[in-house]
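Given next are the chains, with one letter for each unit.
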Amino acid sequence: MKITEEQVLSALRTVDDPDLKKDLVSLNMIENIIIRDQSIAFTVVLTTPACPLKEKIKSDCIKAIKKSLGEDLLITINMTSNVNTTRSQAINVLPSVKNIICIASGKGGVGKSTIAVNLAVELANQGAKVGLIDADIHGPSIPTMLGIKGKKPAVREIKGKNYILPYEINENLKVLSIGLLVDERQAIVWRGAMVTSAIKQFITDCIWGQLDYLFIDMPPGTGDVHLTMVQTVPVTGAIIVTTPQEIALADARKALSMFRMPSINVPIIGVIENMAYFTPAELPENKYYIFGNGGGKALADEYEVPFLGQIPLIQAIREGGDGGFPITMMEKNLANAAFEDIAQNAAREISIRNANNPPTEKVEILA
Ligand SMILES: Nc1ncnc2c1ncn2[C@@H]1O[C@H](COP(=O)(O)OP(=O)(O)O)[C@@H](O)[C@H]1O
Ligand SMILES: [Mg+2]
């Protein structure tokens, strides 16, 4: 008996994307079905290349087809991705950027920049097109962390107007920091208006091209730059970074509450707990909760937002930052395993957010 495309589709209608909670056919995730006698090939288009459930979805598809059409079939599945978005080509600011994600915290020094850099590198490693803006104008640390201090981004003139080209770390990762445009020591004495206009330029006068994720490493707190960001461009969501101790959590609550304010209304993608515990190399089974235990998870629960995971306190993370060679660029080890998990969790929560929530509105006026 000849198998038809319709039979394959109806078998795949019984397979749900576990996160988006709909079947793969209704989600338009099945493409390119080819049937030759007893062999079936097709493509599954995931909503992120960093999908943690790739293998599960694949084996669920195989099981469903074998169950309804025959155990002896030869099934070949090609897994690709097309990152989902709520941003449309019709918007005038950064229309070809699918997701704009602020990395924020209340307190400084909790590891925002470290996490922004490593999330960006990790998602680029996994095949996403990623951009990274260092919006911490008063303490731009991204040039140091990526080893690109002193590199000058190119400028291109289009119709009499100058545009900045972000610095390309590799084919999947582009970066822009005020530290690349002016001397760091100069930026520190800038006045508020200059800071906000620099941030606006990073978004409106910079050629980012097609990006799946644009991460913004925010300054600590809840100040001017935050308001400028949400007024310049509709932000897809915010990731909150905290360390476990109470004074960091108290400030993280303020940051969460700011994004939640009805007049701002930026969805929270999740909370990351950094410096969660210390494990000495010679005692790999031991975990020392130097700053307290479980604070990040408790914060996520309190605000009913996803908890994206913990990153331990590891010397190599600090060395990677200071040395301009992020740990996620190194061979697989304990520390970058944590970043891999967190990057996948973040990508997953972004795609759930896009499937379930309307686009963020740009903030017009703030009372
Ligand atoms: N998990 C970690 N383990 C070890 N050192 C870390 C970790 N996270 C951050 N650091 C270090 O702590 C310092 C502050 O981190 P940074 O990312 O600059 O914080 P922020 O951007 O929030 O001010 C940096 O020297 C960084 O290398
Ligand atoms: Mg920083």
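What counts and how
Residues numbered from 1 in each chain as written. Chains lettered and ligands numbered in written order. Predicted model: local features only at pLDDT ≥ 70, side-chain atom pairs only at ≥ 80, totals over all residues. Heavy atoms only, no water. Helix = DSSP H or I, 4+ residues; strand = E, 2+ residues; numbered from the N terminus. Rg over C-alpha atoms; globule rule 2.2 N^0.38 Å. Buried < 20%, exposed > 50% of the residue type's maximum accessible area, 1.4 Å probe, protein only. Areas by Shrake-Rupley, 256 points an atom, 1.4 Å probe, with all protein chains shown as cover. Domains from an automatic or database assignment. Contact = heavy atoms within 4.5 Å. Buried area = accessible area lost by both parts, 1.4 Å probe. Salt bridge = Lys/Arg side-chain N within 4 Å of Asp/Glu carboxyl O. Phe/Tyr/Trp six-rings, centres within 6.5 Å; stacked < 30°, edge-to-face > 60°. Core = buried A, V, L, I, M, F, W, Y, C linked by side-chain atoms within 4.5 Å. Near = heavy atom within 4 Å. Polar contact = N/O pair within 3.5 Å; in protein donor to acceptor, adjacent residues only side chain to side chain. Pairing = 2+ DSSP bridges. Axes fitted to C-alpha atoms, helices over the stretch in contact; angles between N-to-C directions. Expected span 1.5 Å × (residues − 1). Parallel < 35°, antiparallel > 145°, perpendicular 65-115°, else oblique. Left-handed = near helix turned anticlockwise from the far one by under 90°. Nonpolar A, V, L, I, M, F, W, Y, C, P; charged D, E, K, R; others polar.

Colleague: Quick question: what am I supposed to make of the overall build of the protein here?
Modeller: When helices and strands are tallied, the protein shows 12 helices and 15 strands. Taking 367 residues into account, the globule formula puts the C-alpha radius of gyration at 21 Å, and the protein, at 22 Å, falls close to it. In terms of overall dimensions, the protein has a C-alpha envelope of 75 × 60 × 40 Å along the principal axes. Across the 367 residues that make up the protein, the buried fraction comes to 51%. For the protein, the computed accessible surface area is about 17,000 Å², with 51% contributed by carbon and sulfur atoms.

Colleague: I'm lost on the domain arrangement of the protein in this one. Help?
Modeller: It is common to give the size of an interface as the accessible area lost on bringing the parts into contact. For the protein, the assigned domains are domain 1 (5–81) and domain 2 (100–356). Placing a centre on the C-alpha atoms of domain 1 and another on those of domain 2 gives a separation of 34 Å. Counting residues at the interface gives eight residues for domain 1 and 11 residues for domain 2. Interface area for domain 1 against domain 2, summed over the two sides, is near 850 Å², with a carbon-plus-sulfur share of 60%. The partner of Asp 19 in a salt bridge is Arg 348, and the shortest N-O contact between them spans 2.9 Å.

Colleague: Would you mind going over the packing of aromatic side chains with me for this structure?
Modeller: Any two aromatic rings considered together are summarised by their centre-to-centre distance and by the angle between their planes. This model, assessed by the stated rule, comprises two aromatic pairs. With 6.3 Å between their ring centres and 20 degrees between their planes, Tyr 213 and Phe 215 make a pair best called stacked. Residue Tyr 213 is classed as buried on the basis of its relative accessible area, which comes to 1%.

Colleague: Explain the nonpolar core to me, please; I cannot follow it from the model alone.
Modeller: Proteins that are soluble and globular tend to have nonpolar side chains buried together. If you look at the biggest cluster of nonpolar residues, it comprises 47 residues, and the most contacted ones within it are Trp 208, Leu 214, Ile 216, Met 229, Ile 240 and Phe 259. Of all the secondary structure elements, the ones that give two or more residues to this core are strand S6 (100–104), helix H7 (192–204), strand S12 (213–217), helix H8 (224–232), strand S13 (237–242), helix H9 (246–260), strand S14 (268–278) and helix H10 (295–303). Apart from the residues lying within four places of it in its own chain, the contact partners of Ile 240 are Ala 104, Ala 252, Ala 255, Leu 256, Phe 259, Ile 268, Gly 270, Val 271 and Ile 272. Of all hydrophobic cores here, the second largest spans 41 residues; its members include Ala 116, Ala 120, Ala 124 and Ile 342.

Colleague: What exactly am I supposed to notice about the site of ligand 1 here?
Modeller: Of all residues adjacent to ligand 1, which total 16 residues, the nearest are Gly 109, Lys 112, Ser 113, Thr 114 and Pro 312. Within the contact set of ligand 1, an oxygen atom lies 2.8 Å away from a backbone nitrogen or oxygen of Lys 112. A distance of 2.9 Å separates an oxygen atom of ligand 1 from a polar atom in the side chain of Ser 113. For ligand 1, whose accessible area on its own is 560 Å², the fraction buried by protein is 82%. Sorting the residues of the shell around ligand 1 by element identifies helix H3 (112–125), S14, strand S15 (307–313) and helix H11 (315–323) as the ones contributing at least two each.

Colleague: How do you make sense of the pairing of strand S10 (residues 167–170) when you look at a structure like this?
Modeller: The side chains of a regular strand alternate, residue by residue, between the two faces of the sheet. Alignment of S10 against strand S11 (residues 173–177), held across three bridges, turns out to be antiparallel. Bridge pairing links Asn 170 to Leu 173 in S11. Hairpin connection, S10 to S11: the antiparallel pair is bridged by two residues.

Colleague: It is not clear to me how the pairing of strand S9 (residues 161–164) should be interpreted in this structure. Could you clarify?
Modeller: Of the strand pairs in this sheet, strand S8 (residues 155–158) and S9 are connected by four bridges, and their pairing is antiparallel. By the bridge assignment, Arg 156 is partnered in S9 with Tyr 163. Following S8, the chain reverses through two residues before pairing antiparallel with S9; Lys 159 in that reversal takes a positive phi of roughly 45 degrees.

Colleague: Explanation requested: the sheet that holds S15 in the structure shown.
Modeller: What holds strands together in a sheet is hydrogen bonding between their backbones, with the strands either parallel or antiparallel. Strand order across the open sheet formed by eight strands is S10-S11-S7-S12-S6-S13-S14-S15, with mixed pairing between neighbours. Two strands in the sheet have a free side with no partner beyond their single neighbour: S10 and S15. The sheet shows a mean angle of 20 degrees between the axes of neighbouring strands, taken without regard to direction. Where S13 meets S14, five bridges bridge the pair, whose relative direction is parallel. Note on S14: the bridge partner recorded for Ile 239 is Gly 270. Across the sheet, H3 touches S6, strand S7 (130–134), S11, S12, S13, S14 and S15, and the angle it forms with S12 is around 165 degrees.

Colleague: What's the story with H3 in this structure? I'm lost.
Modeller: Residues spaced three or four apart along an α-helix point in a common direction, a consequence of the helix completing one turn every 3.6 residues. Spanning 14 residues, H3 covers 20 Å between terminal C-alpha atoms, matching the ideal 20 Å at 1.5 Å per step. For H3, the buried fraction is high: 13 of the 14 residues fall into the buried class.

Colleague: For this particular structure, what's the right way to read the packing of helix H1 (residues 5–12) against helix H2 (residues 54–69)?
Modeller: Any two packed helices are characterised by how steeply their axes cross, that is the angle between the axes, and by the distance between the axes. Look at H1 against H2: their axes get within 8 Å of each other, and the N-to-C directions meet at 125 degrees. In terms of their interaxial angle, H1 and H2 are classed as oblique. The two elements H1 and H2 meet at a crossing, and its hand is right-handed. The residues of H2 that touch H1, namely those facing Gln 7, Val 8, Ala 11 and Leu 12, are Cys 61, Ala 64, Ile 65, Ser 68 and Leu 69. Class assignment of the residues belonging to the contact of H1 with H2 gives a composition of seven nonpolar, two polar and no charged.

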